[in-house]
Amino acid sequence: MSTQTSDSILIVDFGSQVTQLIARRVREAGVYSEIAPFSTAEEAFHRMQPAGIILSGSPASVLDAAGPAVPAAILDSGLPMLGICYGQQTLMHQLGGEVLAGDSGEFGRAFIEINADCALFDGLWQVGEKHQVWMSHGDKVTSLAPGFRPVAASAGAPFAVIANDAKRIYAMQFHPEVVHTPDGAKLLKNFVRHVCGLAGDWTMAEFRKTKIAEIRQQVGDARVICGLSGGVDSAVAAVLIHEAIGDQLTCVFVDHGLMRMGEAEQVVSLFRGHYHIPLVHVDASTLFLKGLEGVTDPEAKRKFIGKTFIDVFEDEAKKIGGADFLAQGTLYPDVIESVSFTGGPSVTIKSHHNVGGLPDRMNMKLVEPLRELFKDEVRELGRELGLPDVFVGRHPFPGPGLAIRIPGEVNRERCDILRKADAIYLEEIRNAGLYDAIWQAFAVLLPVKTVGVMGDGRTYDSVCALRAVTSTDGMTADIYPFDATFLSRTATRIINEVKGINRVVYDYTSKPPGTIEWE
Ligand SMILES: Nc1ncnc2c1ncn2[C@@H]1O[C@H](COP(=O)(O)OP(=O)(O)OP(=O)(O)O)[C@@H](O)[C@H]1O
Ligand SMILES: O=c1[nH]c(=O)c2[nH+]cn([C@@H]3O[C@H](COP(=O)(O)O)[C@@H](O)[C@H]3O)c2[nH]1
Ligand SMILES: NC(=O)CC[C@H](N)C(=O)O
Ligand SMILES: [Mg+2]
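Since this is a predicted model, take the numbers as computed values, not measurements.

Caption draft 1: Geometry of the confidence of the model for the protein chain. Averaged over all residues, the pLDDT of the protein chain equals 92, while 96% of them reach at least 70. Note that residues 340–345 has pLDDT below 50 and, in this model, 13 contacts with residues that lie over four places away or in other chains. Interface confidence for the predicted complex, expressed as ipTM, amounts to 0.88; the pTM equals 0.78.

Shown next as structure tokens:
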């Protein structure tokens, strides 16, 4: 994790769905931030020595005995603080104000009226104006702690924004981090720049320097193996780590037999063509496919694949005389979906192979320099590192590969069928000039057979589903609205050219409620 950076912001996470957006907004304001769950916030606070604190929202209530609280070390630190929603409620609850369950909550769009000036509103909002914000609360602050004054109110929240100028503590009932609070990003910027006094000079170039120093410190002169998949994240991680430790790094590409058409050859030639980083290409397809026989449960597939990746990495490490560290291109969304924080309300959605799918027993220590970033930020870092567009612009591809796009049992034959359909789909997308407009697109082979008629004969074959989404970070996604001509052309090609598929459907589910992958 990050070194001490006294020009950073610590975001204390109480389990809100949108905490990660706070981090984004802070980075957009040119300030580095890290999120720590409330249960480990104190440790993060001492390690980071931040310049200011932001307290997130939460599904919990301060009126419940078990409602999470701001650790005393942080509360008494004298640092500037910004409480958002639950963050505001717990500040009042802990500092001597009062919070009660409201008769009715405020959910969605609301308007606040500005009653007084405050540092958060500098250059932005004037007294007497009304502004749109986004609310999502049932409880509300009914009396302020000593030293606080109200500066804005809404119909349902008389203390919509409050300030304690002497202590530089501010709090709001609404969510400034979401886009439905149109001026929210500017409020957060005022907090980190004006109230915390940060220069706003944090950039990806800065991140690159900090991470390189950290990697050197973590690794020393030990050897590192990096799992390279050909995806954006691991390519960026490998180039960054190589910049830090040079030939102490060996990359390992594992072909698990679950890759797309031609991908293994492409990854290896692309990478070897661009970089002088030693790359080992392991064909482990038999090992993976044998182990997947009879496995149908999505989490069981993921756990098996996660563990087998590690077995292969350890074998390869032995062959090069041992490695103490395993580097991976793990990102924040991989972590948040896989982990349910102890004592916290966020739940495991699926075990990403590189986080929740890792075996308990690990001989190598992890090096994960991208663990706090989102995909679009990794792309920015990739550009900063000079990675060619063919790497930076690639659609994400999950480590477990086609295994999680074949619900039910996976075998070589089904993988071959899916590979062909997927290749046609992607070719059509490229031909239509849509590749860059789409965040991720892929075909899924369903364990469902339906009846068809081809050449006057009866067919009884599998259904193929097509998925394409737009997104910025993979945390939420919308379906890509292809026109009917594109879809029917692609469906016809797949049915005509791929033996084993006689019906094609298009997936119209956004995330949430769906996830991007089907398993
Ligand atoms: N086939 C593979 N061989 C070696 N390592 C892999 C492989 N697939 C995944 N990994 C490791 O797991 C990490 C997470 O995979 P993930 O798919 O999230 O990232 P990526 O493949 O690098 O990028 P992208 O999300 O763009 O596909 C990778 O960064 C890489 O370290
Ligand atoms: O490396 C990975 N290992 C995994 O186990 C994994 N599961 C999902 N994904 C990718 O993550 C993004 C979000 O996917 P979901 O909406 O399906 O969770 C999408 O881009 C998915 O392709 C994975 N990547
Ligand atoms: N979004 C929030 O932080 C909500 C806080 C608290 N659960 C409430 O309903 O008031
Ligand atoms: Mg990948």
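Caption draft 2: Highlighting the packing of helix α7 (residues 232–245) against helix α12 (residues 375–384). Two elements in contact, α7 and α12, have axes whose closest approach is 10 Å; the angle formed by their N-to-C orientations is 40°. Viewed along their axes, α7 and α12 adopt a mutual orientation that is oblique. For the pair α7 and α12, the sense of crossing is left-handed. Residues V232, D233 and V236 of α7 form the contact with α12, whose own contacting residues are K375, V378, R379, L381 and G382. By residue class, the composition of the contact of α7 with α12 is four nonpolar, one polar and three charged.

Caption draft 3: Quick peek at the sheet that holds strand β2 (residues 32–37). Spatial strand order, β2-β1-β3-β4-β9-β8-β7-β5-β6: nine strands in an open sheet with mixed pairing. Where the open sheet ends on each side, the last strands, each with one partner, are β2 and β6 (130–143). When the angles between neighbouring strand axes are averaged without regard to direction, this sheet yields 20°. Bridge analysis of strand β5 (residues 98–114) against strand β7 (residues 149–154) gives three bridges, and the strand direction is antiparallel. Looking at the pairing, E113 lines up with A153 of β7.

Caption draft 4: Seen up close, the site of ligand 1. Near ligand 1 lie 23 residues; those nearest to it are G227, S229, S234, K375 and F397. In this structure, G227 approaches ligand 1 through a main-chain N or O atom, which is 2.7 Å from an oxygen atom. G329 places a main-chain nitrogen or oxygen 2.9 Å from an oxygen atom of ligand 1. If ligand 1 stood free it would expose 570 Å²; the protein chains cover 96% of that surface. Listed by contribution, the elements that provide at least two residues to the shell around ligand 1 are α7, β11 (249–255) and α10 (298–319). Among the residues making up the shell around ligand 1, the classes are represented as 11 nonpolar, nine polar and three charged.

Conventions and cut-offs
- Residues numbered from 1 in each chain as written.
- Chains lettered and ligands numbered in written order.
- Predicted model: local features only at pLDDT ≥ 70, side-chain atom pairs only at ≥ 80, totals over all residues.
- Heavy atoms only, no water.
- pLDDT = per-residue confidence, 0-100.
- Contact = heavy atoms within 4.5 Å.
- Axes fitted to C-alpha atoms, helices over the stretch in contact; angles between N-to-C directions.
- Helix = DSSP H or I, 4+ residues; strand = E, 2+ residues; numbered from the N terminus.
- Parallel < 35°, antiparallel > 145°, perpendicular 65-115°, else oblique.
- Left-handed = near helix turned anticlockwise from the far one by under 90°.
- Nonpolar A, V, L, I, M, F, W, Y, C, P; charged D, E, K, R; others polar.
- Pairing = 2+ DSSP bridges.
- Near = heavy atom within 4 Å.
- Polar contact = N/O pair within 3.5 Å; in protein donor to acceptor, adjacent residues only side chain to side chain.
- Areas by Shrake-Rupley, 256 points an atom, 1.4 Å probe, with all protein chains shown as cover.

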